[in-house]
Amino acid sequence: MTTETITEDIEVNPHRGIIDYLKTHSKMYREANMWGDLPKDAPIRVADIYDWFLKNATPLTGMDVELTDKQIGHFFQPEIKQCYYNSMMAHPELEYWEGWAAGIIPVNHAWNVKDGKVVDTTWSLLDYQREQAEHIVYLGIHIPREFMVSQLMIDTHFRQASFAGPFLYDYAIKCIIEEKKQDVKNCESYFAPKEESE
């Protein structure tokens, strides 16, 4: 593949870098006993979380700097390297999102969304991110605030109680469990009495 082809592909699908990064992580967790994984006999493993995320994530492009600036200072003053807390403390009218974002390389990140526009109170504090705001790519999941509140005081494999994130891994496990329950219901319906047709 030539440099020109790579550039064209990135322009067509700017999220490809994050997607490939996550697919690689899923493969590594599936094929090896990676640090941070759940026990080998667990019904849901980290690779399953990555796979679920890739199936359900929404791609977003660009940080809306103007909208972000309007949010800063209303309820709190955001800080660098505190994306989970900053996004959690943002105005309740904003949706809370977690996933991966890339200005240069993919990193775990949290941000907010309003009317489909990214409000990133953390990265907006960085001059170099503001300068390239329209090119930042996000791949994430909207996590309902009710879920965060219900989990805030619970220690999990991925997050300590009272810490503002990440909630993504626990939310993914909750959603995977719900999907598996639905699969079981669908399978059990096979044995349900059939209505006779007239």
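Residues numbered from 1 in each chain as written. Predicted model: local features only at pLDDT ≥ 70, side-chain atom pairs only at ≥ 80, totals over all residues. Heavy atoms only, no water.

Draft legend 1. A look at the packing of aromatic side chains. Enumeration over the complete set of coordinates arrives at nine aromatic pairs. With 6.3 Å between their ring centres and 80° between their planes, tyrosine 96 and phenylalanine 167 make a pair best called edge-to-face. Residue tyrosine 96 is located in strand E2 (residues 95–102), and its partner phenylalanine 167 is located in the loop between helix H7 (145–151) and helix H8 (168–188); the two are separated by 71 residues in the primary sequence. For the pair tyrosine 96 and phenylalanine 167, one class covers both residues: buried. (Phe/Tyr/Trp six-rings, centres within 6.5 Å; stacked < 30°, edge-to-face > 60°. Helix = DSSP H or I, 4+ residues; strand = E, 2+ residues; numbered from the N terminus. Buried < 20%, exposed > 50% of the residue type's maximum accessible area, 1.4 Å probe, protein only.)

Draft legend 2. Examining the packing of helix H3 (residues 46–56) against H8 more closely. In the contact formed by H3 and H8, the axes pass within 10 Å of each other and the chain directions differ by 85°. Here H3 lies roughly perpendicular to H8, going by the angle between them. Every residue of H8 that contacts H3 at Asp48, Ile49, Tyr50, Trp52, Phe53, Lys55 and Asn56 is listed here: Leu168, Tyr169, Tyr171, Ala172, Ile173, Cys175, Ile176 and Glu179. Of the residues that constitute the contact of H3 with H8, the class distribution is eleven nonpolar, one polar and three charged. (Axes fitted to C-alpha atoms, helices over the stretch in contact; angles between N-to-C directions. Parallel < 35°, antiparallel > 145°, perpendicular 65-115°, else oblique. Contact = heavy atoms within 4.5 Å. Nonpolar A, V, L, I, M, F, W, Y, C, P; charged D, E, K, R; others polar.)

Draft legend 3. Up close: the sheet that holds strand E4 (residues 117–119). Taken in spatial order, the five strands line up as E1-E5-E2-E3-E4 in an open sheet, and their pairing is antiparallel. With one partner strand each, in any of the chains shown, strand E1 (58–61) and E4 form the two edges of the open sheet. Sheet twist, expressed as the average angle between the axes of neighbouring strands with direction ignored, equals 45°. Of the pairings in the sheet, the one linking E2 to strand E3 (residues 106–114) comprises eight bridges and is antiparallel in character. Its bridge partner being in E3, alanine 102 is matched across the sheet by proline 106. Helix H2 (residues 16–31) contacts E2, E3 and strand E5 (137–142) of the sheet and is inclined by roughly 85° relative to E2. The strands touched by H3 are E1, E2 and E5; relative to E5, the strand with the most contacts, the crossing angle is about 105°. (Pairing = 2+ DSSP bridges.)

On their own, these measurements won't tell you what the molecule is for.
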